[in-house]
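What follows is the residue order along each chain.
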Amino acid sequence: MTTPFTRRRSPWWLAACALAGAVLLSGGVLAAPAPSAQAAEDTPSRWEPSAIPDRIVLTPAADATTQQSVTWRTSATTDRGLVQYRTMTPAPYPGGVLEAEAAHTEVTTDIGYTQNMHTATITGLQPGVEYMYRVGDGTNFSEWQDFATASATDKTTSFIFLGDIQNGILSDGSRVLRNAFRDRPNADAVVQIGDLVNDANSDEEWGELFDAFSYSLGTQNLITTPGNHEYDGGLSRTWRAQLPYPDNGPSGEGDIYDELAGTVYFTDREGVRFISLNSNISSEEGLRVQAEWLEGVLADNANEWTVVLFHHPVYSLDEGRNNLGIRTVWGSLLEKYNVDLVLQGHDHAYGRGNTLAAEENLPAGADPKKSATGPVYVGSSASVKLYEYGPRLWKENGAHLRRLDGGKQFYQLVDVTEGTLRYESRTADGEFFDGVTIKKDEKGKLVTDGVDPQEIPTGPVQPCLGCGGNPDPGEVTPEVPTGEVDYEVTGNLASVDRSKASLPAGMAYSESRDLLYLGDQNSRKIFEIDPDTDKVLGEMTLPENIRDIGIDDEKNLLYVGQQNRNWLVVSIAPDTFGQVVRGPFPTIESNRSIDVDPKLGHVYVAVPSRGIEVLDVDTGASLGVINGTADAYYVAADPTTGTVVSTKFHDLTDVINLEAFDASNGFAKLW
């Protein structure tokens with residue numbers, strides 16, 4: 001006879017007596033034994049791996065109809081990895097199981113432990129067939145999961161598109177993912193455009209990511225491309241080891257090709273070609289190499305639909321960013337081959353639109369307010385990190401931003417059948433926000449909005465300085481500089497190192513006192529340094545994060561640009577050191593750099609989204625924006641000549657990055 005197990009409970013009075021006795025024996029205090037220091041040290045991290053596989057993810061192999069790649073994680077002591085698989089069956093403990101061996105890569109984490117990433121590619125599969133599989137080492141296995149190979153004949157598929165996740169991954173991002181998978185539980189793929197995490201090599205964040213996705217990445221292929229937050233001196237160690245992609249990207253010899261390997265690729269699935277580009281490799285050579293490869297992949301493409309994904313957008317939603325190189329080198333190819341969807345992120349807002357050229361020559365019967373014929377450009381975000389947004393980069397570059405919003409998390413659903421692609425964006429709570437339908441037939445391609453036209457306001461307009469036209473210099477041949485400039489490093493200052501200033505922001509030099517002032521963005525500190533002795537003589541803490549500093553040497557004043565759209569004036573005189581003299585005063589938008597011309601009474605602030613804003617040195621009143629300086633990241637003023645120089649960051653050899661203006665002559669451009 002088997003006695004059933006029951007959980008016995010002691011009577012409440014017996015437990016109470018025991019508790020009272022313990023209190024009496026301890027002198028009236030109920031004390032728990034103190035944990036040993038060794039026990040605390042030996043407590044494993046929540047994210048530490050074991051012999052049981054976790055972080056299982058499917059990624060496309062070279063041929064999605066007959067192959068499937070799968071990657072998982074174990075502790076570093078588990079060297080062997082294999083996949084057991086067979087066609088789907090309703091029976092438990094299935095027979096007829098096949099095996100595929102895995103290779104592994106050891107990854108050292110930032111938390112201190114090492115782990116193995118195992119990757120196997122299953123080959124010889126049948127098109128359009130469901131398979132079940134599990135991963136392990138022959139003894140320890142994961143649960144059984146399933147995937148389906150792509151059909152060789154059916155042109156019906158669906159996928160989920162996600163923007164940046166990056167922050168609040170598990171706490172806030174998981175609800176976005178749950179709603180997306182609830183709405184498309186049988187999606188064939190998840191397309192994501194980078195910034196999966198915030199810290200490229202944080203194993204805690206990668207752990208949060210896989211917890212947020214739960215089992216989903218083990219049943220649906222992840223098609224992703226790296227964002228800037230997947231880089232920290234190089235591509236994330238975890239990204240490289242965990243996310244293998246087809247080796248069909250640019251081929252050649254040199255550092256550029258090594259950097260692009262595994263991040264630039266294409267994969268075809270049921271009538272859709274997905275193409276990943278790496279917008280982090282944005283040097284002129286990096287963009288060119290990818291463009292040459294991209295043209296070949298677009299030209300030799302038998303698929304009905306084409307989706308291109310990369311992180312940094314062609315037309316930025318953040319008005320302080322301008323990805324000119326990407327727009328110049330890649331944009332023309334996207335238009336030439338009439339790519340269907342261009343999926344991007346980075347700006348932590350939502351925007352969708354097309355070029356103005358795509359609204360010309362519409363087919364008969366098309367609604368001109370809702371129709372286009374070219375690529376649909378989309379930027380989206382699933383992150384709790386939120387940016388300000390606006391239409392400037394679209395309007396200034398011949399594009400029509402049709403839908404714009406921010407302050408929310410979004411996810412997108414794309415359904416494809418032969419001849420029709422339906423795209424839909426929803427907010428994190430599952431509410432419909434935006435939609436578009438693309439149809440193709442013998443008459444061509446037509447993109448139709450599923451929402452009414454949106455009126456999108458522009459940002460604030462400031463008076464334009466130097467817009468009256470520059471004086472005609474006549475027939476003047478510019479002087480070509482000759483000779484060379486020599487310099488040498490005579491020493492290094494180490495008194496303010498990374499322990500004191502983790503993110504240096506701004507430097508100013510007092511010629512009259514031979515002192516150096518160095519700002520640190522995140523600590524909000526400015527250090528006063530004697531460059532001869534390399535000693536910190538003083539430091540001050542300001543109200544907000546520091547962007548940059550300028551100096552009025554004669555009056556012992558520092559002009560400080562702060563992160564939240566403002567600037568102030570602070571004293572560096574010995575008796576009032578660190579005291580705020582004036583301000584804070586607002587700037588038109590977020591600033592990057594500041595300088596001052598005390599003689600003309602001007603403060604110059606570089607506002608990338610607008611240009612060089614000029615403000616009154618005493619009242620803080622805005623006088624206007626210097627014409628043609630949008631995208632400026634740095635500004636420098638020379639009070640002796642009244643010259644103002646703006647600096648941009650466009651990594652193209654034929655694009656002007658330095659410009660000078662004469663502030664005493666209506667801000668006429670000098671060169």
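All figures in this text were calculated on a predicted structure; none of them were measured in a lab. (Residues numbered from 1 in each chain as written. Predicted model: local features only at pLDDT ≥ 70, side-chain atom pairs only at ≥ 80, totals over all residues. Heavy atoms only, no water.)

Draft legend 1. Local environment of the overall build of the protein. For the protein, the helix and strand inventory stands at 10 helices and 40 strands. Projected onto its principal axes, the C-alpha coordinates of the protein cover approximately 100 × 90 × 50 Å. Relative to all contacts within the protein whose residues are 6 or more apart in sequence, the contacts with residues 24 or more apart total 61%. Just so you have it, the protein exposes about 31,400 Å², and 50% of that area is on carbon and sulfur atoms. Here the protein contributes 52 positive and 96 negative side-chain charges, whose respective centroids are spaced 9 Å apart. (Helix = DSSP H or I, 4+ residues; strand = E, 2+ residues; numbered from the N terminus. Contact = heavy atoms within 4.5 Å. Areas by Shrake-Rupley, 256 points an atom, 1.4 Å probe, with all protein chains shown as cover. Lys, Arg positive; Asp, Glu negative; His and termini not counted. Charge placed at Lys NZ, Arg CZ, Asp CG, Glu CD.)

Draft legend 2. How the structure looks around helix α4 (residues 203-213). Most of α4 is tucked away: 9 of the 11 residues are buried. Taken residue by residue, α4 has D203, E205, W206, G207, E208, L209, F210, A212 and F213 as its buried positions. One or two positions beyond α4, positive phi appears at S214, with a value near 60°. (Buried < 20%, exposed > 50% of the residue type's maximum accessible area, 1.4 Å probe, protein only.)

Draft legend 3. Looking closely at the pattern of salt bridges. Summed over all chains, the structure comprises 35 salt bridges. E101 serves as the salt-bridge partner of R80, at 2.8 Å between the closest nitrogen and oxygen. With a gap of 21 residues between them, R80 in the loop between β2 (68-75) and β3 (82-87) and E101 in strand β4 (residues 98-101) connect regions that are remote in the sequence. When salt bridges that share partners are traced, they join R352, E359, R402, R403, D434 and D449 into one network. (Salt bridge = Lys/Arg side-chain N within 4 Å of Asp/Glu carboxyl O.)

Draft legend 4. Spatial organisation of the pairing of strand β1 (residues 54-59). Where burial is concerned, most of β1 is hidden: 5 out of the 6 residues are buried. Across 4 bridges, the pairing between β1 and β2 is antiparallel. Residue pairing for β2: L58 is matched across the bridge by V70. (Pairing = 2+ DSSP bridges.)

Draft legend 5. Geometry of unusual backbone geometry. In this structure, the amide linkage connecting G583 to the following residue, P584, adopts the cis form with an omega of 10°. Mapped onto the elements, P584 comes out in strand β32 (residues 580-586). Backbone geometry places R524, a non-glycine residue, at a positive phi of 65°. Looking at the secondary structure, you find R524 in the loop between β26 (515-520) and β27 (525-530). Positive phi, normally seen in glycine, also occurs at F667, with a value near 60°. Considering the arrangement of structural elements, one finds F667 in the loop between β39 (658-662) and β40 (668-669).

Draft legend 6. Highlighting the packing of aromatic side chains. Counted under the stated rule, the structure contains 18 aromatic pairs. Seen in terms of ring centroids, Y245 and Y265 are 4.3 Å apart; in terms of plane orientation they differ by 5°. Their pairing is stacked. Of this pair, Y245 sits in the loop between α5 (237-242) and α6 (255-260) while Y265 sits in strand β12 (residues 265-269), and the two are 20 residues apart along the sequence. Residue classification places Y245 among the buried residues on the basis of a relative accessible area of 10%. (Phe/Tyr/Trp six-rings, centres within 6.5 Å; stacked < 30°, edge-to-face > 60°.)

Draft legend 7. Spotlight on the environment of A494. Mapped onto the elements, A494 comes out in the loop between β24 (464-465) and β25 (504-510). On the accessibility criterion, A494 (55% relative accessible area) is exposed. Placed 42 residues apart in sequence, A494 and V536 show a C-alpha to C-alpha distance of 10.0 Å.

Draft legend 8. Representation of the sheet that holds β39 in the model. Judged by pairing direction, the sheet is antiparallel, and its 4 strands sit side by side in the order β37-β38-β39-β40 without closing on themselves. Only two strands of the sheet have a single neighbouring strand rather than two, namely β37 (634-638) and β40. Where strand β38 (residues 643-647) meets β39, 5 bridges bridge the pair, whose relative direction is antiparallel. What sits directly across from V645, in β39, is A660.

Draft legend 9. Local environment of the sheet that holds β26. Reading across from one edge, β25-β26-β27-β28 is the order of the 4 strands in this open sheet, with antiparallel pairing throughout. Sheet topology places β25 and β28 (535-541) at the edges, where each strand pairs with a single neighbour. Within the sheet, the average angular offset between the axes of one strand and its neighbour, ignoring direction, is 20°. The pairing of β25 with β26 spans 5 bridges and is antiparallel. The residue of β26 that forms the bridge with M507 is L518. (Axes fitted to C-alpha atoms, helices over the stretch in contact; angles between N-to-C directions.)

Draft legend 10. Local environment of helix α7 (residues 284-299). With 16 residues, α7 ought to run about 22 Å at 1.5 Å a step, and its terminal C-alpha atoms sit 22 Å apart, in line with that. Burial in α7 covers these residues: G286, L287, V289, Q290, A291, W293, L294, V297 and L298. (Expected span 1.5 Å × (residues − 1).)

Draft legend 11. Quick look at a nonpolar patch on the surface. A cluster of nonpolar residues, L658, L670 and W671, forms a patch on the protein surface that exposes about 340 Å² of accessible area. One can find W671 in the segment after β40. (Patch = residues over 30% accessible without salt bridge, like charges linked within 9 Å, V, L, I, M, F, W, Y side chains within 5 Å.)

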